[in-house]
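In case you want the letters, here they are:
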Amino acid sequence: MKKHLAPAIILFLITLLFTFPLILHTNNYIPGFFSTDEPYGTIWNFWLMKYASDSGISSQTTNMIAYPFGVKLFSGLLVPYPWLGLNYLLAVLTNAVLAYNIQILMNFFLSAVFTYLLVFFLSKSRLAGIISAIIFSFCPQHFTRSWQHLSLTYFQWLPLVLLSALMLYKDRRLRNGIFFAISLLLLFSFDFTIAYLGLLTLFTLFFYLFFVNWRRGTLKEAKIAGYFKKASWGVVILAVLLIRQILIIWAKYGTQSASAYNPTHRPFEDLFAQSAKPLGFLLPASTHPVFGRFSEQFIGSSLYGQSFTEHTLYLGWLALALALFAFRRRKENLYIGFFIFLAVVAWLFSQPPWWNFFGLKIYMPSFFMYKILPMFRAYCRFGILLMLAIAVLAGFGLKSILERFESYKPKIALTILACGLILFEFWNWPPYKVIDLSRVPAVYYWLKEEPGNPVLAEYPMDIIGPNEMYKFYQTVHHKRIINGTFPGTPAHKIAMTITKLSQPGTVNILKQMGVKYAIVHEEGYLKGESIDDKEELDKIRKDPALKLVRTFVAQECPQKDIMCTQNSGPVEVYKINEK
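Summary of the structure given here. A quick note: this is a predicted structure, and the numbers were derived from the prediction, not measured.

Turning next to the overall build of the protein. Each helix and strand in the protein was counted, giving 24 helices and 11 strands. For 579 residues, the compact-globule estimate of 2.2 N^0.38 gives 25 Å, and the protein sits close to it at 26 Å. Counting only C-alpha atoms, the protein reaches 85 × 55 × 50 Å along its principal axes. Of all 579 residues assigned to the protein, the portion counted as buried reaches 55%. Taking the contacts inside the protein whose residues are at least 6 apart along the sequence as the reference set, 75% of them involve residues at least 24 apart. Total accessible area on the protein stands at roughly 26200 Å², and carbon and sulfur atoms take up 64% of it. Across the protein, the 54 positively charged side chains and the 33 negatively charged ones have centroids separated by 14 Å.

Okay, here's the thing in structure tokens:
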């Protein structure tokens, strides 16, 4: 293993460089960008785990949000239990922000390491392994995921499960079978979208091996039947370990109509909006400091896609060029043929349910898979499988180029140049893609010091979905809030009736719910163009049932080039009159 130490160190340093300055502020910063507030909800989950542990209360059911009804956390059941256990352990032993960052940094590093080991196993070239690792782990797709969804950064299980499956194919010894079973368990232990991607990868591999050996007439010599039998034991072990959660999820299927908030049945229309578009693969990420502004103008177009995070799928022109060198040798190498096939399969799966050519529908795999697995809607995420295939092929392509040189020095020089160019293609700062969580608006420090345990209502009321920022602020003030409700729940039905704080009857309902303070965010009413919202703010200020007790001025981030949670417009605190 000593020969792999230097590549591992290089990949670790690149991880720190591409996520900089995260390593300097792991207790205060998280990776992030303008596009979403979902990371705040994850931080809140970690905080609640530790808060519940320290307070001796349940972290599975809580009335800290959606008060007084409360919510059942993780009730969607699409969070695998092993990952829940890891999150709980990290949250209790460290803190919410560090628990988040440990996973982010670990996932980038392990994605690189496992890709390196996969390509080294296939090509016996460390240089090929390094460039493949860089392409896969530090691609824009991985970073946009890290700025929105923690669970979707666990890409490392994709190269790992492939490595274990190919090692078992080459050598049927027991230790390789155990390795394959462990990799399968890891694949299904963190995120079910990652598991879906990995399962498709394995099915593609099995089909490819069967087809190639059948075509060559070598099914018996390759002992394909024995290989499938060995591999099936890994699947059996996995099913036994996860049987409880599988049965619970299965029981949920079809019990509710399709909805963005029903994790087991997503709307079919989402498959069109969240499918891959051609320019997403070909244009540099909009976060690139040099090329980003050019790409930015295409976001929202039919050729790129509407979502910044979902449709940033850039493969890299140099990676594609290197992959073409491997394509020329596809007949010479079984593995090159497989990764070309995987690239085609991944691309087809990333497409919308159908292509429409002058009224003629050509159905794509997502149309049929939705009928089996309606929990999945963002098929553009299959772009990461295409990225893995291109990364591996690029490693083979670089190897074929390096074989033309006899001396090791030009090989090193050419590899460094290629890695440098790829890293430049994937570069994402300045500005830094981190969010400073060290400070929040001053109103929440004031609320923290309020005696007792007053119930709060944050306005504007969040009714489309839980306001993750309201939840995040709770990690500082520790007071119960009526916000954070989910559509379809009793708490949300009540929230729908009190969206206007000035409306007659709202204050009485708030009293019945035990609310003491209404926190009014001026920006929430003034940032839009709605005249009704502006009039509502004026009515709140004139409502005799509300007593203004504190006013907090607008605050800005301490560093202009780094986003922060302290940034806030003016905030007013109203006490609900008890009379």
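Another aspect to go through is the packing of aromatic side chains. Taken as a whole, this structure holds 57 aromatic pairs when the rule is applied. Taken together, a centroid distance of 5.6 Å and an interplanar angle of 50° make the contact between tyrosine 40 and phenylalanine 472 tilted. You can see tyrosine 40 sitting in helix 2 (residues 38-55) and its partner phenylalanine 472 sitting in helix 20 (residues 468-477), a full 432 residues away along the chain. Considered together, tyrosine 40 and phenylalanine 472 belong to a single accessibility category, that of buried residues. A cation over an aromatic ring shows up here: lysine 124 above the ring of phenylalanine 121, its NZ or CZ 5.1 Å from the ring centre. One cation-aromatic arrangement involves lysine 361 over tryptophan 354; the distance from NZ or CZ to the ring centre is 3.9 Å.

With that settled, the discussion passes to helix 5 (residues 126-137). Look at helix 5: 16 Å from first C-alpha to last across 12 residues, which is about the 16 Å you get at 1.5 Å a residue. Across the 12 residues that make up helix 5, a large majority, 11, are buried. Three or more residues of helix 5 are buried, namely Leu127, Ala128, Gly129, Ile130, Ile131, Ser132, Ala133, Ile134, Ile135, Phe136 and Ser137. Residue serine 125 occupies the N-cap position of helix 5, its side-chain oxygen lying 3.5 Å from the main-chain nitrogen of leucine 127.

This brings us to a positive patch on the surface. A cluster of basic residues, Lys3, Lys124, Arg126 and Lys170, forms a positive patch at the surface. Tracing the chain through its elements places lysine 170 in helix 7 (residues 157-170). On the accessibility criterion, lysine 170 (55% relative accessible area) is exposed.

Time to look at the sheet that holds strand 9 (residues 546-552). Spatially, 7-8-11-9 is the arrangement adopted by the four strands of the open sheet, whose pairing is mixed. Looking at which strands have only one partner, the edges of the open sheet turn out to be strand 7 (455-459) and strand 9. Within the sheet, the average angular offset between the axes of one strand and its neighbour, ignoring direction, is 25°. In the sheet, strand 9 pairs with strand 11 (residues 571-576) via six bridges, with the strands oriented antiparallel. Within strand 11, the residue paired with threonine 551 across the bridge is glutamate 572. Packed onto the sheet, helix 20 meets strand 7 and strand 8 (515-521) and runs at close to 145° relative to strand 7. Across the sheet, helix 24 (residues 531-542) touches strand 8, strand 9 and strand 11, and the angle it forms with strand 11 is around 50°.

Note on placement: threonine 415 falls in helix 18 (residues 408-426). Threonine 415 sits in the buried class, given a relative accessible area of 4%. When residues no more than four places from it in sequence are discounted, the contact partners of threonine 415 are Leu127, Leu398 and Leu402.

Moving on: the sheet that holds strand 6 (residues 434-436). Taken in spatial order, the three strands line up as 1-6-10 in an open sheet, and their pairing is mixed. Bordering the open sheet on either side are strand 1 (29-31) and strand 10 (563-564), each of which pairs with just one other strand.

Here we take up a nonpolar patch on the surface. On the surface, a cluster of nonpolar side chains totalling about 390 Å² of accessible area is made up of Leu5, Ile9, Phe12 and Leu13. Note that isoleucine 9 resides in helix 1 (residues 5-18). Look at isoleucine 9 and you get partly exposed, because its relative accessible area is 44%.

The subject of this paragraph is the environment of asparagine 101. Tracing the backbone shows asparagine 101 in helix 4 (residues 96-123). Between the alpha carbons of asparagine 101 and phenylalanine 405 there is a distance of 42 Å; along the sequence they are 304 residues apart. Excluding residues within four positions of it along the chain, asparagine 101 makes contact with Leu22, His25, Thr26, Tyr29, Ile30 and Pro31.

The biggest cluster of nonpolar side chains holds 156 residues, and the ones touching the most others in it are Leu158 and Phe339. Element by element, the count of residues in this core is highest for helix 4, at 16 residues. Formed by 21 residues, the second largest nonpolar core is a distinct cluster that contains Tyr459, Leu501, Val507 and Val520.

A few words now on the environment of tryptophan 83. Summarising the element assignment, tryptophan 83 is placed in helix 3 (residues 81-93). With a relative accessible area of 9%, tryptophan 83 lands in the buried category. Counting along the chain gives 68 residues from tryptophan 83 to serine 151, while the straight-line C-alpha distance between them is 8.8 Å. If we ignore the near neighbours within four places in the chain, the residues touching tryptophan 83 are Gln103, Leu150, Ser151, Tyr154, Ser189 and Phe190.

On to the packing of helix 1 against helix 5. Their axes nearest at 11 Å, the elements helix 1 and helix 5 cross at an angle of 20°. With respect to each other, helix 1 and helix 5 are oriented roughly parallel. Considering the relative orientation of helix 1 and helix 5, their crossing is right-handed. Across the interface between the two elements, Pro7, Leu11 and Ile14 from helix 1 touch Arg126, Ile130, Ala133 and Ile134 from helix 5. Tallied by class, residues from the contact of helix 1 with helix 5 come to six nonpolar, no polar and one charged.

Turning our attention to unusual backbone geometry. Here tryptophan 429 and proline 430 are connected by a cis peptide whose omega angle stands at 10°. Relative to the helices and strands, proline 430 is located in the loop between helix 18 and strand 6. Across the junction of tyrosine 459 and proline 460, the peptide omega takes the value 5°, indicating a cis bond. Relative to the helices and strands, proline 460 is located in the loop between strand 7 and helix 20. Positioned with a positive phi, alanine 66 is a non-glycine residue whose angle comes to about 55°. Secondary-structure assignment places alanine 66 in the loop between strand 2 (61-62) and strand 3 (71-72).

Conventions adopted
Residues numbered from 1 in each chain as written. Predicted model: local features only at pLDDT ≥ 70, side-chain atom pairs only at ≥ 80, totals over all residues. Heavy atoms only, no water. Helix = DSSP H or I, 4+ residues; strand = E, 2+ residues; numbered from the N terminus. Rg over C-alpha atoms; globule rule 2.2 N^0.38 Å. Buried < 20%, exposed > 50% of the residue type's maximum accessible area, 1.4 Å probe, protein only. Contact = heavy atoms within 4.5 Å. Areas by Shrake-Rupley, 256 points an atom, 1.4 Å probe, with all protein chains shown as cover. Lys, Arg positive; Asp, Glu negative; His and termini not counted. Charge placed at Lys NZ, Arg CZ, Asp CG, Glu CD. Phe/Tyr/Trp six-rings, centres within 6.5 Å; stacked < 30°, edge-to-face > 60°. Lys NZ or Arg CZ within 6 Å of the ring centre and 35° of its normal. Expected span 1.5 Å × (residues − 1). Polar contact = N/O pair within 3.5 Å; in protein donor to acceptor, adjacent residues only side chain to side chain. Patch = residues over 30% accessible without salt bridge, like charges linked within 9 Å, V, L, I, M, F, W, Y side chains within 5 Å. Salt bridge = Lys/Arg side-chain N within 4 Å of Asp/Glu carboxyl O. Pairing = 2+ DSSP bridges. Axes fitted to C-alpha atoms, helices over the stretch in contact; angles between N-to-C directions. Core = buried A, V, L, I, M, F, W, Y, C linked by side-chain atoms within 4.5 Å. Parallel < 35°, antiparallel > 145°, perpendicular 65-115°, else oblique. Left-handed = near helix turned anticlockwise from the far one by under 90°. Nonpolar A, V, L, I, M, F, W, Y, C, P; charged D, E, K, R; others polar.

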